[in-house]
Amino acid sequence: MAARYSFGGDEHLFVECSEEMSLAAFFQSLSISRGVRDSGIRGVTEICPANASLQVKFDPDVIKPEDLLQEVRAIETAAAQAEPVISTRIVEIPVFYNDPWTHETLMRFRERHQEPGGTDLDYAARINGYGAVDDFIAAHAGSPWFVSMVGFVAGLPFMYQMVDRPRQLEVPKYLRPRTDTPKLTVGHGGCFGCIYSVRGAGGYQMFGITPMPIFDPAQKTSYLRDFMVFFRPGDIVKFKAIGRDAYDQAVEEVERGTFAPPIREVTFDLREFQQDIAGYNAKLQGLLHDH
Amino acid sequence: MTIKVLHQGLATSVQDLGRPGYFHLGIPMGGAMDRYALRAANRLVGNDEGAAGLEAVFMGPKLEFQRDALVAVTGAEMPVRIDGQEQPGWTALPVKAGQVLSFDFLKSGARIYIAVSGGIDVPEVLGSRSTYAIGAMGGVAGRAIQPGDTLPLGAAGAAAPGRTVPEALRRLPGTPAELRVLPGLYWHRLTAEAQASFFADEWKVAPEADRMGYRFRGGRKLDFVQRDQPFGAGSDPSNIVDSCYPYGSIQVPGGTEPIILHRDAVSGGGYFMLGTVISADMDLIGQLQPHTRTRFIEVTMEQALAARHERASLLETLRAHLN
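Owing to the predicted nature of the structure, the values given are computational and were not obtained by experimental measurement.

Each value, and the rule that gives it
Residues numbered from 1 in each chain as written. Chains lettered and ligands numbered in written order. Predicted model: local features only at pLDDT ≥ 70, side-chain atom pairs only at ≥ 80, totals over all residues. Helix = DSSP H or I, 4+ residues; strand = E, 2+ residues; numbered from the N terminus. Rg over C-alpha atoms; globule rule 2.2 N^0.38 Å. Buried ≥ 20, exposed ≤ 12 C-beta atoms within 10 Å, placed from the backbone. Contact = placed C-beta atoms within 7 Å. Axes fitted to C-alpha atoms, helices over the stretch in contact; angles between N-to-C directions. Parallel < 35°, antiparallel > 145°, perpendicular 65-115°, else oblique. Nonpolar A, V, L, I, M, F, W, Y, C, P; charged D, E, K, R; others polar. Core = buried A, V, L, I, M, F, W, Y, C linked by C-beta atoms within 7 Å. Pairing = 2+ DSSP bridges.

(A) Geometry of the overall build of chain B. Secondary structure assignment for chain B yields 4 helices and 20 strands. Relative to its length of 323 residues, chain B is compact, with a C-alpha radius of gyration of 20 Å against a globular reference of 20 Å. In terms of principal-axis extent, the alpha carbons of chain B reach across some 65 × 35 × 30 Å. Looking at the 323 residues of chain B, the share that counts as buried comes to 54%. For chain B, contacts bridging at least 24 residues in sequence account for 77% of all contacts bridging at least 6.

What follows is the structure in structure tokens.
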């Protein structure tokens, strides 16, 4: 895919790898982002990878916009030659689906929803062709997700499901956004999953809640002491459905500072993944539990 | 050695020149919306230009000083009082311990910047003292100031009272306000008619205008070039696959009301952007009141860079003047 380049004012270069979302486009945006970072171009101040695009912030007093564009184009070409392999990590995130807190919230904003008569999970299950909510949850938690972008607000991951496109869960956003969403809600809008890092407005459908803090400006959470944001673009996430007891226990562990999500280093190869998605995902999942 | 907050004004927060470097994780640069005004205020009281001051919008706070200090108020036009006595803006004013700084009603502009010799010495978070309320970080406990707060002050440098910034070196938007825009990003999504009407129409600042972004109303609805929406983009023609948002970028959800993202921008999302306000005009946005008539002016990259150099030389003139 040849990327499209455009300037966002005099300080941003926008690189669109593809108009539509795909793992290949995400992988390209991540590769170019890493290429730009590693090249250490003078005048580049920030590199923000997104789902199928990226943004490079620069100081035009140091590098001319056109010169930067040429440099990034060269990196795009080099990235296309490079092996589609990245070193990243996989993390297992417990989710209490159908929990009382998101349920209370979704009931409060029912008139903004496509189906005021049911829950967000009922609706998502039905329009994705699942007969029962439990089957939908099994699909949501059954395969891993790529963190394809971190942002909107601090530390919020956008996640792209690592399955064939026909199997991807898709749900429209609320008709009108809510003014409230519980912190750590696991949501879904379009083809993207997310975890709300802070309480606030939101338009994604709400499926459950995780006890695992992902953004902690006070940095009291054990695994957020080095940095307040947990996710990085390129992280792989596997959800694990848990019930109320396990949720309560995890919250207690978080408070005691002993909660530790399973995290493993992993090398991801896009070609191997595409050859056998189910097999590759099973291998990734095995890594989490040291099989 | 502190300042005691008697009244908070309206959403008054500690701001410096921001915390660049974390936008890829959703944490915006933040900092003073009108950076030039903050730099000038700091210069006046002998601080580094990047020292933390207070940014107050529409309504000033009431502050009691607990040590002698120099204070300067820049940005919007809002009469300054020390123990009730009116004082000039854009001027280094001596304040004695026990005196109270207060403000009259706003006359023009939107945001004042209050610099105090020594700077507001709250702890740095990720290299900045700026308040980012959505992320509950920076400033005073990650929020706007409240009555009863005490604001710590750093060690003051040497500066003389009475220095002032001449009118010619102050900057507020005109009427109508003019914001220069470099078209781009998803500009091609608009029809030729919509591209023309965006720049031809007069817009007004909507009440939804804050540190995250400024919304505008009053221009004609923008139409989109027809297409089948790409996978993952969402069904509305103004939707895109969620991408990064540049600071200053202009998104128009549903084609109706343009929103310019500012210092506390959300870092990305699923709305197309038609272009970006150039860096030279970002400060001006922070001085727009709701209902201000506004025109968007189309510029090229060359013009954007020329305007940027003009801004830089104005700052150099200011520095030379206050040396």
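(B) Representation of the overall build of chain A within the structure. Broken down by element type, chain A carries 8 helices and 12 strands. Here chain A has a C-alpha radius of gyration of 20 Å; the compact-globule value for 291 residues is 19 Å, and the two agree. Each principal axis of the C-alpha atoms in chain A carries an extent, and together these give about 55 × 45 × 40 Å. Contacts in chain A between residues far apart in sequence, at least 24 positions, make up 63% of those at least 6 positions apart.

(C) Layout of the packing of helix 1 (residues 35-44) of chain B against helix 4 (residues 301-321) of chain B. Residues and elements named next belong to chain B. Interhelical geometry of helix 1 versus helix 4 gives an angle of 10° and a closest axis separation of 10 Å. Our classification of the angle between helix 1 and helix 4 gives roughly parallel. Residues Y36, R39, A40 and R43 of helix 1 touch helix 4, and the partners they reach there are L315, L318 and R319. Of the residues assigned to the contact of helix 1 with helix 4, the class counts are 4 nonpolar, no polar and 3 charged.

(D) How the structure looks around the nonpolar core. Core analysis: the biggest nonpolar cluster contains 177 residues, and A41(B), V71(B), I114(B) and A115(B) have the highest contact counts within it. Sort the elements by how many residues they give to this core and helix 1 (residues 23-39) of chain A lands first, with 7 residues. Filtering out sequence-adjacent residues up to four positions away, I114(B) remains in contact with A41(B), G53(B), L54(B), A56(B), V71(B) and V73(B).

(E) Quick look at the sheet that holds strand 11 (residues 150-152) of chain B. All names here are of chain B. Strand order in this open sheet of 6 strands is 7-6-9-4-1-11, and the pairing throughout is antiparallel. Taken across any chain shown, the strands that pair with only one partner, and hence form the sheet edges, are strand 7 (85-87) and strand 11. On average, each strand axis in the sheet is inclined to that of its neighbour by 30°, with strand direction left out of account.

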